[in-house]
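Residue-level listing of the chains:
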Amino acid sequence: MKNRLMTPGPVPVPPDSLLAMAQPMMHHRTEKFEKVMSEIPDALKYVFKTKNDVMLLTSSSTGAMESAIVNLLSPEDRALVIGGGKFGERWAELCKAYNVDFDFIDVEWGKPVDLDTVHKKLSSGKKYKCVYGTLCETSTGVTHDIKGLGEIVSGKALLVVDAVSGLGAVDLQTDDWHVDVVVSGSQKGLMTPPGLAFISLSDPAWEAVDSARLPRYYFDLRKAKKAMLVNQTPFTCSISLILALHESLNIIRKEGIENVLARHARLAEATRAGVKALGLSLFASAPSNAVTAVKVPEGIDCKKLVKTIEEKYGITFAGGQDKLTGKIFRIAHLGYVDDLDIISAISALEMALINLGFDITPGVGIKACEQVLISEKI
Ligand SMILES: *Cc1c(COP(=O)(O)O)cnc(C)c1O
């Protein structure tokens, strides 16, 4: 049986990237490695849509989130955190861990943040150093309006966006939308195994880095920048992962970032059409092009459904997290994914539901799915 990974991280890795990791180990303090490293910053800038430098960190994406706390804030600063899911809440947990005062905008899970609420907070007379938000809230499948957020926050505070799952799947125009700091990771839209994190910072954000007084050592971005300027990393990096990343970034550049985004939009639309045709409903009111969150229909055991799809058809979906456990399942269409992956996913979902006694006609889901894929294929 073939396995298809359709989770919102890790995602499938293209064969060329896997092969890059299989070469004999090289040392990182060598010209050969520096040659690879020298090509990564520009390739990342292209995907981030920014002129700012993008730092590479050896950690999972949460390391870049932590670096966006310790490098930007001082003990007397206040932050504004936008909730709405597990990852929005992670910003709040990080503030707590470092004893940073913050106000929390408690967004209902499944909904995007209301921009008026953010605007009111920012005009309330309180001074916020940073606003922390999320592009694609992976736990709920929601896309937040980062362009709108940028308009509101610009000039008032630094806007920091978790684009871990959104980058390369949902449009993010870092510079044009006035996003100061963007964090991401390797194992989502960048089609690389887990273990690398990225962060881009605007000039005002770098000024904050220079004056911030929270404790930092491993994630001190001044160290990362200094090393980056000579195509290095401050500590031993995940050399093999960087070789894979280099390959995956080449693949993205060859397809073209706008084509990559358009492909994600098509595949997401086809997924949504397939799911709806099966009589299921979406959890997110502003659904993301990276992952589709589906409400578990009445009478179906979510765990059993996900397990059946995995065991019978080799396709891995994600269940819900935290309070959404058992209530939703998530189909990722993120990264190295094509039309037939989506058809397979909807087909497996359809067959598993029928297996579990759900009353649907075989083929209704994939029919709707194909209709989108046929009509939108360029
Ligand atoms: C996956 C994810 C993270 C966390 O990434 P790790 O690599 O597990 O640290 C953070 N935010 C979002 C939106 C994610 O999807």
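Residues numbered from 1 in each chain as written. Predicted model: local features only at pLDDT ≥ 70, side-chain atom pairs only at ≥ 80, totals over all residues. Heavy atoms only, no water.

## Side note on the overall build of the chain
Line of reasoning, step 1. For the chain, the helix and strand inventory stands at 13 helices and 14 strands.
Line of reasoning, step 2. Based on the C-alpha atoms only, the size of the chain along its principal axes is roughly 60 × 55 × 35 Å.
Line of reasoning, step 3. Residues classed as buried in the chain amount to 58% of the 378 residues present.
Line of reasoning, step 4. In the chain, once contacts between residues fewer than 6 apart in sequence are set aside, the share between residues at least 24 apart is 75%. (Helix = DSSP H or I, 4+ residues; strand = E, 2+ residues; numbered from the N terminus. Buried < 20%, exposed > 50% of the residue type's maximum accessible area, 1.4 Å probe, protein only. Contact = heavy atoms within 4.5 Å.)

## Topic: the side chain of S67
Line of reasoning, step 1. Take S67: it is sitting in helix α3 (residues 61-70).
Line of reasoning, step 2. Within polar-contact distance, the side chain of S67 engages the backbone oxygen of A64 at 2.8 Å.
Line of reasoning, step 3. Residues in contact with S67, not counting those within four places in the same chain, are L57, I199, F219 and L221. (Polar contact = N/O pair within 3.5 Å; in protein donor to acceptor, adjacent residues only side chain to side chain.)

## With respect to the site of the ligand
Line of reasoning, step 1. Contacts to the ligand come from 13 residues, most closely from S60, T62, T138, D162 and K188.
Line of reasoning, step 2. T62 places a side-chain nitrogen or oxygen 2.5 Å from an oxygen atom of the ligand.
Line of reasoning, step 3. At 2.6 Å from a nitrogen atom of the ligand is found a side-chain nitrogen or oxygen belonging to D162.
Line of reasoning, step 4. In the complex, the protein chains occlude 89% of the 380 Å² of accessible area that the ligand would expose alone.
Line of reasoning, step 5. Using a 2 Å cut-off from the grid points, one finds that the ligand occupies the largest pocket.
Line of reasoning, step 6. Of all the secondary-structure elements, those providing two or more residues to the shell around the ligand are α3 and α4 (86-97).
Line of reasoning, step 7. For the shell around the ligand, the element with the highest residue contribution is α3, accounting for 3 residues. (Near = heavy atom within 4 Å. Areas by Shrake-Rupley, 256 points an atom, 1.4 Å probe, with all protein chains shown as cover. 1 Å grid on protein atoms, 1.4 Å probe; cavity = no way out; pocket = protein on both sides within 12 Å on 5 of 7 lines; lining within 4 Å. Sits in = over half its atoms within 2 Å of the grid points.)

## Considering the nonpolar core
Line of reasoning, step 1. With 58 residues, the main nonpolar core has V118, L172, L190, F198 and I242 as its most contacted residues.
Line of reasoning, step 2. Here the element with the most residues in this core is helix α2 (residues 31-48); it accounts for 8 residues.
Line of reasoning, step 3. A68, V70, W91 and M228 belong to the second largest nonpolar core, which has 35 residues in total. (Core = buried A, V, L, I, M, F, W, Y, C linked by side-chain atoms within 4.5 Å.)

## Structural notes on the layout of surface pockets
Line of reasoning, step 1. Of the volumes computed, that of the largest pocket is approximately 230 Å³.
Line of reasoning, step 2. Lining the largest pocket are 21 residues, with P8, F87, R90, Q187 and K188 positioned closest to its centre.
Line of reasoning, step 3. Elements with a contribution of two residues or more to the lining of the largest pocket: α3 and α4.
Line of reasoning, step 4. Considering only residue class, the lining of the largest pocket consists of 6 nonpolar, 10 polar and 5 charged.
Line of reasoning, step 5. Of the volumes computed, that of the second largest pocket is approximately 160 Å³.
Line of reasoning, step 6. Together, 14 residues line the second largest pocket, and D175, H178, V179, D180 and S202 are the ones closest to its centre.
Line of reasoning, step 7. In terms of residue class, the lining of the second largest pocket is made up of 6 nonpolar, 6 polar and 2 charged. (Points joined across faces, edges and corners; volume = space filled by probe spheres on them. Nonpolar A, V, L, I, M, F, W, Y, C, P; charged D, E, K, R; others polar.)

## Some words on the sheet that holds strand β2 (residues 54-58)
The strands making up a sheet associate through backbone hydrogen bonding, with each pair oriented either parallel or antiparallel.
Line of reasoning, step 1. The strand order across the open sheet built from 7 strands is β2-β10-β9-β8-β5-β3-β4, with neighbouring strands paired in mixed fashion. Single-partner strands in this sheet number two, and they are β2 and β4 (101-105). Each strand axis lies, on average, 20 degrees off the axis of its neighbour in the sheet, ignoring direction.
Line of reasoning, step 2. Bridge count between strand β9 (residues 181-185) and strand β10 (residues 196-201): 5 bridges; the pairing is antiparallel. Residue pairing in the sheet places V182 in a bridge with S200 of β10.
Line of reasoning, step 3. Packed onto the sheet, helix α6 (residues 146-153) meets β3 (78-82), β5 (130-134) and β8 (158-162) and runs at close to 160 degrees relative to β8.
Line of reasoning, step 4. Together, β2 and β10 form the strand contacts of helix α9 (residues 239-255), whose direction differs from that of β10 by roughly 65 degrees. (Pairing = 2+ DSSP bridges. Axes fitted to C-alpha atoms, helices over the stretch in contact; angles between N-to-C directions.)

## Quick look at the state of the cysteines
Line of reasoning, step 1. In this structure the tally under the stated criterion is 0 disulfides.
Line of reasoning, step 2. C136 takes part in no disulfide bond, and the closest cysteine sulfur, belonging to C302, lies 18 Å away.
Line of reasoning, step 3. Left unpaired, C369 is separated from the closest cysteine sulfur, that of C136, by 19 Å.
Line of reasoning, step 4. Judged by relative accessible area, which is 0%, C369 ranks as buried. (Disulfide = S-S within 2.5 Å.)

## A word on empty space enclosed by the protein
Line of reasoning, step 1. Evaluation of the coordinates by the stated rule reveals 3 cavities of 30 Å³ or more.
Line of reasoning, step 2. Computed from the structure, the largest cavity encloses a volume of approximately 80 Å³.
Line of reasoning, step 3. If you trace the largest cavity, you find it lined by M37, I40, P41, L44, V54, M55, L56, A224, M228, Q232, T233 and P234.
Line of reasoning, step 4. Of all the secondary-structure elements, those providing two or more residues to the lining of the largest cavity are α2, β2 and α8 (221-228).
Line of reasoning, step 5. Counting residues per element, the lining of the largest cavity draws most heavily on α2, which supplies 4 residues.
Line of reasoning, step 6. By residue class, the composition of the lining of the largest cavity is 10 nonpolar, 2 polar and no charged.

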